[in-house]
Amino acid sequence: MVIGSFRWPELVELQVRTIRDTCGPVPILVSNDDPDSYGRLEEICGRFPGVTLDSNPERIGHTGGDIAAFSKGVQWGAKLGLDCVVKLSQRLIVNRPRW
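Residues numbered from 1 in each chain as written. Predicted model: local features only at pLDDT ≥ 70, side-chain atom pairs only at ≥ 80, totals over all residues. Heavy atoms only, no water.

Turning next to the environment of P25. By the secondary structure assignment, P25 is in the loop between α1 (9-23) and β2 (28-32). When the C-alpha atoms of P25 and V86 are compared, they prove to be 15 Å apart, with 61 residues separating the residues in sequence. (Helix = DSSP H or I, 4+ residues; strand = E, 2+ residues; numbered from the N terminus.)

This is the structure we're talking about:
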């Protein structure tokens, strides 16, 4: 799963916790487009096995950040040999078991 992120690191943490609760230990990539949030996201992602942080070195904007998340997700998924990659909006939290 790929989570697109801009600000709100605590929301990313909620998403990771919800994914773990509903889907188990699936790999998660956090694609960050807010360099100012990097330190907090690094700390959050480091607490969860199987969660990778990929942060843009500078902000590229809403559309660019979404496109970067898709691109990073496809490459990351191929590298891990995944059959499927899901990209979640920062504000989308799915609370349905094994969705």
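Now that the structure is up, let's keep going.
There is about 220 Å³ of room inside the second largest pocket. In this structure, the second largest pocket is lined by M1, C23, V26, P27, L82, D83, C84, V85, V86, R98 and W99. For the lining of the second largest pocket, a count of residues per class yields nine nonpolar, no polar and two charged. (1 Å grid on protein atoms, 1.4 Å probe; cavity = no way out; pocket = protein on both sides within 12 Å on 5 of 7 lines; lining within 4 Å. Points joined across faces, edges and corners; volume = space filled by probe spheres on them. Nonpolar A, V, L, I, M, F, W, Y, C, P; charged D, E, K, R; others polar.)

We now examine the packing of α1 against helix α2 (residues 38-46). At their nearest, the axes of α1 and α2 sit 9 Å apart, and the two run at 20 degrees to each other. The pairing of α1 with α2 is recorded here as roughly parallel in orientation. The handedness of the crossing between α1 and α2 is right-handed. Together, P9, E10, V12 and E13 of α1 and R40, L41 and I44 of α2 make up the contact between the two elements. (Axes fitted to C-alpha atoms, helices over the stretch in contact; angles between N-to-C directions. Parallel < 35°, antiparallel > 145°, perpendicular 65-115°, else oblique. Left-handed = near helix turned anticlockwise from the far one by under 90°. Contact = heavy atoms within 4.5 Å.)

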